[in-house]
Amino acid sequence: MANALRALAMDAVEQAKSGHPGMPMGMADIAAVLFTEFLRFDPLAPDWPNRDRFVLSNGHGSMLLYALLHLTGYPDMTLDELKRFRQLGSRTAGHPERGLATGIETTTGPLGQGIANSVGMAVAERHLAAEFGDDLVDHHTYVFCGDGCLEEGVSHEALSLAGHLKLNKLIVLYDDNSITIDGPTSLSFSDDVLMRFRAYGWAAERIDGVNHDEIAAAIKRAQASDRPNLIACRTVIAYGAPTKAGTAAAHGSPLGAEEIKGAKERLGWEYGPFIVPDDIRAEWRAAGARGAVARAAWEQRLAAAVPDKRAEFLRRQKGELPADFPAVITEVCDNFRAKNAKLATRQASGEVLDALVAAVPELLGGSADLTPSNNTRAKGLTDVKPGDFAGRYMRYGVREHGMATAMNGVSVHGGLIPYGGTFMCFTDYCRPAIRLAALMETRVVFVMTHDSIGLGEDGPTHQPVEHLAALRAIPHLLVFRPADAVETAESWALALQHLRAPSILALTRQGLPLLRTEAGSENRSARGAYVLAGADGTRDVTLLATGSEVSLAMLAREKLAEDGVRAAVVSMPCWELFEKEPEDYRRHVLGTAPRVGVEAAVPFGWERWLGERSAFVGMHGFGASAPIEALYPHFGITPEKIVEAARVLL
């Protein structure tokens, strides 16, 4: 059965003339034991909520996963798909992509991301078990990883957190083959991996990764453990290949026809390309079918559950928001209007969360050790702690990257909506995970406060200037920069309503006046941009702004009106949503008059909105350490400068 995996991997990579045959050949025995004896899954019900999760963190070995999915009977992973490995439009991409085929739990390939995702999956499992009971939620998360995953920095953050939380249903099987692309790992990597994991609070052991009895015994020990488990499996890359086994040459290139012929002879595999004999195929299909019994028993337990509990569980699995969600947002906005207070949007976000966590129980919050600054811990939330996973607030520690990747894992697990906070400038630490969230089109809310030079004295190391442009460049990512408390509530609503998109909430440290004082329940931010204040007659100039600079544009509009210049102010809380609006609406909002863009950030990207007769008021370099009252005038981001820029265009 293991040799069937090896053969399919060799054949597919050879036919594609591209790929990584070494890892699938080296880990085939581990995969065979795990999938036939331990992993609980059902190919005919691939989204069964209580299935075990399997993460291929060393995603370059994707043919191992595709071969497993094909042989165990996932209907969409046909033999033709294996033959189309790495071809345009196939389900068998170079690295596993969630959504291309059932059975792919998360998108992996950038090393370290998968192992960090698995920590979020394990957290989600324990939290949902604490809420709904072990009769509905009780499964393991298994991870395959390689040396590259463990060398990437994000693995340290994630594994440390997993050890702290004692996530004992997380089992990592490490492809300990002593080879990387450059050659032997001894060139650059001399860690004592087992001691490292033990220092994190994991159980760790080393076994022979070809000996089926040792593999099975180690997994059984891990299942009975009171902590997360590492099983370091001594393997040989491209096991069976006559000249390339154990060498870097087998990592990322086809073996070649002669090497494949020799490997099949050594392995006793007498079959041509893509041929798996019926008896071996039948054994694999039987392994895939064995999960149907456990799944049917689980469905009976779900059917016997208290109706309200069953309905709530299923609602969350579907990703649907509670029926009263719109009313909650409307009430929050009405309260902001009634108070009419000057609030930082991070404070407004905290007040929104106070209402949301009661109304949306699937929200799982957190912060990278910046809770008081991010305002992410809503009233009534308790912490997720070792041995007590009923809480809804994660203390991620100073682990921004680990936090972001774990949140992706929580999201793809299902049943929860993760949000987590840090400073906007530290989106740089989170960026790989943010990008993969966008690629997977999964709902994660990244709460990024201190979003401009407006944070003041901490200075240019902490003042984001290029970050908005960098984030807006990521496809499928919604970047919200609200201008006041009402827009903040609207942005939260939109972030949660978009089931297939991650969101950034870029929030201020400094207080902002309430601009949206009009009554009504319409979410005006939903269109991405809108005319906040129209011109008194035909427009002479349009002032386009986001976030904290919208209030400056409103003051500039008043000053221009004193001189008889009719200006309209357009608030643009989310460029991505505005881009999706019909062209006639965009033309209506932008108008035909000269335009001034205003944002305390670099101008990169603004050209798409400004046109030929335009100006930009914002940042053209890094910030400085000073009080906010000095910084905005110093960098020329004031109502007076906006007026000056507008007059030049008239």
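Before reading on, note that the structure itself is shown above.
Every residue gets a number counted from 1 within its own chain, in the order that chain's sequence is written. It should be noted that, the model being predicted, local features are given only for residues of pLDDT at least 70 and side-chain atom pairs only at 80 or more, the latter also being counted only at that level, while totals for whole chains, interfaces and linings use all residues. With hydrogens and water set aside, each side-chain value is computed from the structure's full complement of heavy atoms.

Peer 1: Please explain the overall build of the protein as it appears in this structure.
Peer 2: Per the convention used, a helix needs a DSSP run of H or I reaching at least four residues, while a strand needs a run of E reaching at least two, with both numbered from the N terminus. The helix and strand tally for the protein stands at 26 helices and 20 strands. This radius of gyration counts C-alpha atoms alone. The globule rule is 2.2 Å times how many residues there are, raised to the power 0.38. Against the globule reference of 26 Å for 650 residues, the protein gives a C-alpha radius of gyration of 27 Å, in line with a compact fold. If one aligns the C-alpha atoms of the protein with their principal axes, the spans along those axes are about 90 × 55 × 45 Å. Taken across its 650 residues, the protein has 61% of its residues classed as buried. Across the protein, contacts joining residues at least 24 apart in sequence account for 77% of those joining residues at least 6 apart. Accessible surface, the protein: about 23,700 Å² in total, of which carbon and sulfur atoms supply 51%. Charged residues are defined narrowly, with Lys and Arg counted positive, Asp and Glu counted negative, and His plus the chain ends left uncounted. Think of each charge as sitting on NZ of Lys, CZ of Arg, CG of Asp or CD of Glu. Averaging the locations of the 66 positively and 80 negatively charged side chains of the protein gives two centres separated by 2 Å. Accessible area is worked out with a 1.4 Å probe on protein chains only. A residue is then buried under 20% of its type maximum, exposed over 50%, and partly exposed in between. Whether two residues are in contact is decided by their heavy atoms: any pair within 4.5 Å suffices. Note that accessible areas follow from Shrake-Rupley with a 1.4 Å probe, and for residues the cover is restricted to the protein chains shown.

Peer 1: I'm lost on the pattern of salt bridges in this one. Help?
Peer 2: If charged atoms from side chains of opposite charge come close, those side chains can pair. Salt bridges are counted wherever a side-chain nitrogen of Lys or Arg sits within 4 Å of a carboxyl oxygen of Asp or Glu. Applying the stated criterion across every chain, the model contains 39 salt bridges. For the salt bridge of Arg516 with Glu490, the shortest nitrogen-to-oxygen distance reads 2.7 Å. Placement of the pair is Arg516 in the loop between strand E15 (511-512) and strand E16 (530-533) and Glu490 in helix H20 (residues 485-497), with a sequence separation of 26 residues. No difference in accessibility class separates Arg516 from Glu490, as the two residues are buried. One network of salt bridges, with partners in common, ties together Glu131, Glu312, Arg315, Arg316 and Glu362.

Peer 1: Would you mind going over unusual backbone geometry with me for this structure?
Peer 2: Negative phi is the rule for most residues except glycine; trans is the rule for most peptide bonds. Positive phi, normally seen in glycine, also occurs at Lys17, with a value near 60°. The residue Lys17 is located in the loop between helix H1 (2-16) and helix H2 (22-38) in this model. Taking relative accessible area as the criterion, Lys17 reaches 60% and is therefore assigned exposed. Within the chain, His450 stands out as a residue other than glycine whose phi angle is a positive 60°. Of the residues examined, His450 reaches a relative accessible area of 6% and is grouped as buried.

Peer 1: Sorry, what's going on with the pairing of strand E17 (residues 541-545) here?
Peer 2: Consecutive side chains of a regular strand alternate in pointing toward one face of the sheet and then the other. For E17, the buried fraction is high: five of the five residues fall into the buried class. The alternating pattern of E17 places Val541, Leu543 and Ala545 on one face and Thr542 and Leu544 on the opposite face, and all of these are buried. Only strands joined by at least two bridges in the DSSP assignment are considered to pair. Pairing of E17 with strand E18 (residues 567-571) involves five bridges; the strand directions are parallel. Bridged to Val541 within E18 is Ala567. For crossovers, right-handed means that the path from the first strand over the helix to the second runs clockwise, given strands pointing away from the viewer. Of the crossover connections in this fold, the one passing from E17 over helix H21 (residues 549-562) to the parallel E18 is right-handed. Two strands pair when backbone bridges link them, and E17 and strand E19 (residues 595-599) are joined in this way by four bridges, in the parallel orientation. For Ala545, the partnering residue across the bridge sits in E19 and is Val598.

Peer 1: How should the layout of surface pockets be read in this particular structure?
Peer 2: It is a probe the size of a water molecule, rolled over the atoms, that shows where empty space is left. Of the volumes computed, that of the largest pocket is approximately 780 Å³. For this classification, the nonpolar set comprises Ala, Val, Leu, Ile, Met, Phe, Trp, Tyr, Cys and Pro, the charged set comprises Asp, Glu, Lys and Arg, and every other residue, Gly included, is treated as polar. Broken down by class, the residue content of the lining of the largest pocket amounts to ten nonpolar, ten polar and 13 charged. For the second largest pocket, the calculated volume is near 380 Å³. Along its surface, the second largest pocket is lined by 16 residues, and Lys342, Gln510, Gly511, Leu552 and Ile628 are the ones closest to its centre. The set of elements that each furnish at least two residues to the lining of the second largest pocket consists of E15, H21 and helix H25 (628-634). Split into classes, the residues belonging to the lining of the second largest pocket amount to eight nonpolar, five polar and three charged. In this analysis the probe radius is 1.4 Å and the grid spacing 1 Å, with only protein atoms considered; a cavity is a set of points the probe fits into but cannot get out of, a pocket is an open set with protein on both sides within 12 Å along at least five of seven lines, and lining residues have an atom within 4 Å of a point. Grid points are joined across faces, edges and corners, and a volume is the space filled by probe spheres set on the points.

Peer 1: Would you explain the packing of H1 against helix H3 (residues 62-72) in this entry?
Peer 2: Geometry of a packed helix pair, given as the angle between the helix axes and the separation of the axes. Here the axes come from fitting lines to C-alpha atoms, over the contacting stretch only for helices, and the angles between their N-to-C directions go from 0 to 180 degrees. The interhelical angle for the contact between H1 and H3, taken along N-to-C directions, is 120°, at an axis separation of 9 Å. Classified by the angle their axes make, H1 and H3 are oblique. Considering only the axes of H1 and H3, their crossing is right-handed. Contact residues: Ala4, Leu5, Leu8, Ala9, Ala12 and Val13 in H1; Met63, Leu64, Ala67, Leu68, His70 and Leu71 in H3. Here the contact of H1 with H3 is built from residues that sort into eleven nonpolar, one polar and no charged. Roughly parallel refers to an angle under 35 degrees, roughly antiparallel to one over 145, roughly perpendicular to one between 65 and 115, and oblique to any angle outside these ranges. Handedness of a crossing is defined here by the sense of rotation of the near helix relative to the far one, left-handed for an anticlockwise turn of less than a right angle and right-handed for a clockwise turn.

Peer 1: What exactly am I supposed to notice about the nonpolar core here?
Peer 2: The tendency in soluble globular proteins is for nonpolar side chains to be buried side by side. Leu167, Trp202, Leu230 and Phe446 are the most contacted members of the largest nonpolar core, which totals 72 residues. With ten residues, helix H5 (residues 113-132) is the largest single contributor of residues to this core. Residues Leu8, Ala9, Leu39 and Ala222 belong to the second largest nonpolar core, which totals 55 residues. Think of a nonpolar core as a cluster: buried Ala, Val, Leu, Ile, Met, Phe, Trp, Tyr and Cys residues, connected wherever their side-chain atoms sit within 4.5 Å.

Peer 1: When you look at the sheet that holds strand E7 (residues 229-234) in this model, what are you seeing that I'm missing?
Peer 2: In sheet architecture, strand pairing relies on hydrogen bonds along the backbone and comes in two forms, parallel and antiparallel. Across the sheet, five strands lie side by side as E1-E2-E3-E7-E6; this open sheet has parallel pairing. Only two strands of the sheet have a single partner each, and these edge strands are strand E1 (53-56) and strand E6 (203-208). With strand direction ignored, the average angle separating the axes of adjacent strands in the sheet is 20°. In this structure, strand E3 (residues 170-176) lies alongside E7, joined through six bridges in parallel fashion. Of the residues in E7, the one forming a bridge with Leu173 is Ile231.

Peer 1: So what exactly am I meant to see when it comes to empty space enclosed by the protein here?
Peer 2: This model, assessed by the stated rule, comprises three cavities of 30 Å³ or more. If you go around the largest cavity, you meet 13 residues; those closest to its centre are Leu39, Phe41, Tyr74, Gly103 and Glu105. Among the secondary structure elements, those contributing two or more residues to the lining of the largest cavity are E1 and H3. The residue inventory of the lining of the largest cavity, partitioned by class, reads eight nonpolar, one polar and four charged.

Peer 1: Please explain a negative patch on the surface as it appears in this structure.
Peer 2: Together, Glu37, Asp208, Asp213 and Glu214 make up a negatively charged patch on the protein surface. In this fold, Asp208 is placed in strand E6. Given a relative accessible area of 33%, Asp208 falls into the partly exposed group. Excluding any residue in a salt bridge, patches collect residues exceeding 30% relative accessible area, merging like charges within 9 Å and nonpolar Val, Leu, Ile, Met, Phe, Trp and Tyr side chains within 5 Å.

Peer 1: Could you clarify how one ought to interpret H3 in this entry?
Peer 2: The α-helix winds at 3.6 residues per turn, so residues separated by three or four positions along the chain end up facing the same way. With eleven of eleven residues buried, H3 lies mostly within the body of the structure. Turning to H3, its buried residues are Ser62, Met63, Leu64, Leu65, Tyr66, Ala67, Leu68, Leu69, His70, Leu71 and Thr72. Buried residues belonging to H3 abut H1, H2, E1, helix H4 (79-83), strand E2 (141-145) and helix H11 (278-289). Following H3 by one or two positions, Gly73 has its phi on the positive side, about 105°.

Peer 1: When you look at H20 in this model, what are you seeing that I'm missing?
Peer 2: Every helix has an expected span of 1.5 Å times one less than the residues it contains. Along its 13 residues, H20 runs 18 Å from first to last C-alpha, staying within 8% of the 18 Å computed at 1.5 Å per residue. Most of H20 sits inside the fold, with twelve of its 13 residues counted as buried. Of all the residues in H20, the buried ones are Ala485, Val486, Glu487, Thr488, Ala489, Glu490, Ser491, Trp492, Ala493, Leu494, Ala495 and Leu496.

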